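# Architecture at a glance
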Amino acid sequence: RFITPGVKIEAGTPLFEIDSPEVAEAKGSYLKAVAGLSLAAKSAEREARLFARKIAAEVEVQQAQAQRIEAETEVAAARGRLLRLGLTKNDIERISTKNGAPLNGVVVIRASRAGTVIEGNAASGEHAEAGKELLTLSDLDTVWVMADLKEADLAVVTDASGKEAKIDPMSRSFNGRLDTVAGRMSETTRTAKARFSVANTEGLLKPGMFVSVRLLLPAKGETIVVPKVAVLADAGRTFVFTHKEGDYWVRRPVTLGARFDGMVEI
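Please read these numbers as outputs of a predicted model, since none were measured by experiment.

Before going further, it helps to spend a moment on the overall build of the protein. Looking only at helices and strands, the protein has four helices and 16 strands in total. Taken over C-alpha atoms, the radius of gyration comes to 34 Å for the protein, far larger than the 18 Å a tight globule of 266 residues would show. Each principal axis of the C-alpha atoms in the protein carries an extent, and together these give about 125 × 45 × 35 Å. Here the protein holds 266 residues, and 26% of them are scored as buried. Considering only contacts within the protein whose residues lie at least 6 apart along the sequence, 60% involve residues at least 24 apart. Carbon and sulfur atoms provide 53% of the accessible area of the protein, an area that totals close to 18,200 Å².

Now the structure itself:
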């Protein structure tokens, strides 16, 4: 393996190499197809010259041309198989040259895109089963944050697509934007997933982090708000104290509304 987790790489960077019997077989099939095409092309050219000299029949020329087209199709199929197995166009061209690549099963796997290596799950000499994730590569310049919305919040948030949000991990705050809200709720948690896009050019947000999300919604007229610590509760009823005069305070019952940044609507 050439790359370790946490490294930012460009597209085309070598990641690791594998030795596959299937790749070795595919290289041999490609060489066989290339040789077949060369022979078919020469045969078609020869038949065309003989036909021009009225030595060969037209049907023989047509058969030779059909064989050449069939050989071209086999080369294209063999080439496509090599590309799907991870070889580059340059790797394939080297196979058919005189001093080309060795016909072994070694192939270098390169990054298909720029990004950050998240994790690697392979060791040198390990047997890799089909379907196993050997290395995870992701572009972390923009990340998705998935938030859990309570059922009571859905009516407000569903119409807030595109609105700005504050994403707060432990250390600092990030600006985000609401992309979409899931079409169904979890039956166990009674919450729905909301997806936020967040710029992460510094790479401080990592996959698996826990964050809190504050969605910034437009105000609907004037609202009375007080600090959360000013709201008290007794026997299930909420209230605040308002100053009358001097040392005299009056208890006022209140109904709580939206909460934001240490404040609560009453």
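What follows continues from the structure just given.
For the rest of this paragraph, the subject is the sheet that holds strand S12 (residues 232-234). Across the sheet, three strands lie side by side as S12-S13-S14; this open sheet has antiparallel pairing. Two strands bound the open sheet, and with one partner strand each, they are S12 and strand S14 (248-253). In this sheet, neighbouring strand axes are inclined to one another by 45 degrees on average, regardless of whether the strands run parallel or antiparallel. With six bridges connecting them, strand S13 (residues 237-245) and S14 associate as antiparallel partners. Bridging across to S14, Glu-245 finds its partner in Tyr-248.

Another point: the environment of Ala-122. Structurally, Ala-122 is set in the loop between strand S4 (115-120) and strand S5 (135-138). Considered as a pair, Ala-122 and Glu-202 are 80 residues apart in the sequence and their alpha carbons are 28 Å apart.

Glancing now at the pattern of salt bridges. Close approach of charged atoms allows side chains with opposite charge to pair. The final tally for this structure, using the stated rule, is 13 salt bridges. Its salt-bridge partner being Asp-148, residue Lys-193 comes within 2.7 Å of it at the nearest N-O pair. In this pair, Lys-193 is assigned in strand S9 (residues 191-199) and Asp-148 in strand S6 (residues 142-150), connecting sequence segments 45 residues apart. In this structure Asp-148 comes out as partly exposed when scored by relative accessible area, which is 49%. With its nearest N and O atoms 4.0 Å apart, the salt bridge here joins Glu-187 to Arg-184.

In this section: the nonpolar core. By size, the foremost hydrophobic cluster in this structure holds 18 residues, and its most contacted members are Ile-167, Leu-178, Phe-196, Val-198 and Leu-215. Beyond its immediate stretch of four places on either side in the chain, Phe-196 contacts Val-143, Trp-144, Val-145, Ala-147, Ala-165, Ile-167, Arg-177, Leu-178, Asp-179, Val-213 and Leu-215. Within the second largest apolar cluster, twelve residues are counted, among which are Val-75, Ala-78, Ile-92 and Ile-95.

Reading guide: rules and limits
- Residues numbered from 1 in each chain as written.
- Predicted model: local features only at pLDDT ≥ 70, side-chain atom pairs only at ≥ 80, totals over all residues.
- Heavy atoms only, no water.
- Helix = DSSP H or I, 4+ residues; strand = E, 2+ residues; numbered from the N terminus.
- Rg over C-alpha atoms; globule rule 2.2 N^0.38 Å.
- Buried < 20%, exposed > 50% of the residue type's maximum accessible area, 1.4 Å probe, protein only.
- Contact = heavy atoms within 4.5 Å.
- Areas by Shrake-Rupley, 256 points an atom, 1.4 Å probe, with all protein chains shown as cover.
- Pairing = 2+ DSSP bridges.
- Axes fitted to C-alpha atoms, helices over the stretch in contact; angles between N-to-C directions.
- Salt bridge = Lys/Arg side-chain N within 4 Å of Asp/Glu carboxyl O.
- Core = buried A, V, L, I, M, F, W, Y, C linked by side-chain atoms within 4.5 Å.

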